[in-house]
Amino acid sequence: EALSEVEPRVQARILETLDRQKAGDILEEMEADEAADMLAGLPAETSNILLKELSQEDAQEVRELLQFEESSAGGLMTTSFVAVPEELTVADAVARIRESQVETDALDTLFLIDSTHRLFGAVPVARMLLAAPETVMSSLRQEQLIFAEPQMDRKEVITLFNKYNLHMLPIVDEAARLVGVVTVDDVLSMLIRTG
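Residues numbered from 1 in each chain as written. Predicted model: local features only at pLDDT ≥ 70, side-chain atom pairs only at ≥ 80, totals over all residues. Heavy atoms only, no water.

Trainee: Help me understand the overall build of the chain in this model?
Mentor: Helices and strands together make up the secondary structure of the chain, namely eleven helices and five strands. Radius of gyration (C-alpha) of the chain: 18 Å, near the 16 Å computed for a compact globule of 195 residues. Along the three orthogonal principal directions, the C-alpha set of the chain runs to about 55 × 35 × 30 Å. Among the 195 residues that make up the chain, the fraction classed as buried is 42%. Taking contacts inside the chain between residues at least 6 apart in sequence as the whole, the part at least 24 apart equals 54%. Looking at the chain as shown, the accessible area adds up to about 11,400 Å², and 48% of this sits on carbon and sulfur atoms. Charged side chains of the chain number 16 positive and 37 negative; the gap between the two group centres comes to 4 Å. (Helix = DSSP H or I, 4+ residues; strand = E, 2+ residues; numbered from the N terminus. Rg over C-alpha atoms; globule rule 2.2 N^0.38 Å. Buried < 20%, exposed > 50% of the residue type's maximum accessible area, 1.4 Å probe, protein only. Contact = heavy atoms within 4.5 Å. Areas by Shrake-Rupley, 256 points an atom, 1.4 Å probe, with all protein chains shown as cover. Lys, Arg positive; Asp, Glu negative; His and termini not counted. Charge placed at Lys NZ, Arg CZ, Asp CG, Glu CD.)

Trainee: What am I meant to see in the layout of surface pockets here?
Mentor: In this approach a probe as big as a water molecule rolls over the atoms, and the regions it shows empty are the leftover space. What the largest pocket holds in volume is close to 1,400 Å³. Lining the largest pocket we find 44 residues, and of these Ser 4, Asp 33, Glu 34, Asp 37 and Asp 186 sit closest to its centre. Residue assignment for the lining of the largest pocket shows that the elements contributing at least two residues are helix H1 (2-5), helix H2 (8-17), helix H3 (20-29), helix H4 (32-40), helix H6 (56-66), helix H7 (73-76) and helix H11 (184-194). Each residue belonging to the lining of the largest pocket can be placed in one class, and the counts come to 17 nonpolar, eleven polar and 16 charged. (1 Å grid on protein atoms, 1.4 Å probe; cavity = no way out; pocket = protein on both sides within 12 Å on 5 of 7 lines; lining within 4 Å. Points joined across faces, edges and corners; volume = space filled by probe spheres on them. Nonpolar A, V, L, I, M, F, W, Y, C, P; charged D, E, K, R; others polar.)

Trainee: What is the right way to read the packing of aromatic side chains from this model?
Mentor: Describing an aromatic ring pair means giving the distance of the ring centres and the angle of the ring planes. All told, the structure shown has one aromatic pair when counted by the stated rule. In this structure, Arg 141 is placed above the aromatic ring of Phe 120, and the distance from its NZ or CZ to the ring centre is 4.3 Å. (Phe/Tyr/Trp six-rings, centres within 6.5 Å; stacked < 30°, edge-to-face > 60°. Lys NZ or Arg CZ within 6 Å of the ring centre and 35° of its normal.)

Trainee: Mind showing me how you'd approach the nonpolar core here?
Mentor: Soluble globular proteins: nonpolar side chains tend toward being buried together. By size, the foremost hydrophobic cluster in this structure holds 33 residues, and its most contacted members are Leu 27, Val 62, Val 157, Leu 169 and Val 182. Ranked by the residues each element gives to this core, the list is headed by H4, at five residues. If we skip the residues at most four places from it in the chain, Val 62 touches Ala 32, Ala 35, Ala 36, Leu 39, Leu 51 and Leu 54. Within the second largest apolar cluster, 17 residues are counted, among which are Val 82, Leu 88, Val 125 and Leu 140. (Core = buried A, V, L, I, M, F, W, Y, C linked by side-chain atoms within 4.5 Å.)

See below:
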C-alpha cells in the first residue's frame, strides 16, 4: 500500500533494488492496474523477469494492461469492477457482489452485460440498494450510458468525467465487451502526477 502511494519513478527504483521474489510478492498483492503502472516504469527486461514471479492469471491480466499506451483510457483503466447479467434480480446481484473479490472502492457502479458479455448498461449501487429484492437489474439502468474505447486519449477521458460528472467510466473493446473501467480516483491521481 505504501509503495502504491509514491511516484512511479520512485516505485521503479525501489522495485529494482529488491530481490525478484520480494518484488514479485509485492506486485502480487497489488491491483493489476497498479502493478502494470509500476512495471511500465521499468526496463522491459526487468519487467518481464518480474512478471514471471506472478501467478499465471495475474501475469496475464497485467500483460493485457501493459499493451495500452500510458496516455490512453486503456492505460488508465483497471480491471477491478463488477458486471452482472442484465436479467438478474437485485437479490441475485447482491449475492454476486458478495462472492466477488473486488475492492469496496470499485463498488460505486454495477455494470450490466448481455449474454455475449457486451456492455448493456450501468446501475449506481445506491439505486440498486433502494430497489426491492425482486426488481430486475435492467429496469434500474441509467438512461444515458457513457463509455469509451481503450485507445481514447486521456484528455478526452477527463472531458467525459467533467462533462457528465462521472465516478466510473466503462471501457469497451471493438465488440462492445466490457474490458475495464476508469475511476475518478484514477483520473485525479493522473492529474496530480502530471500537474
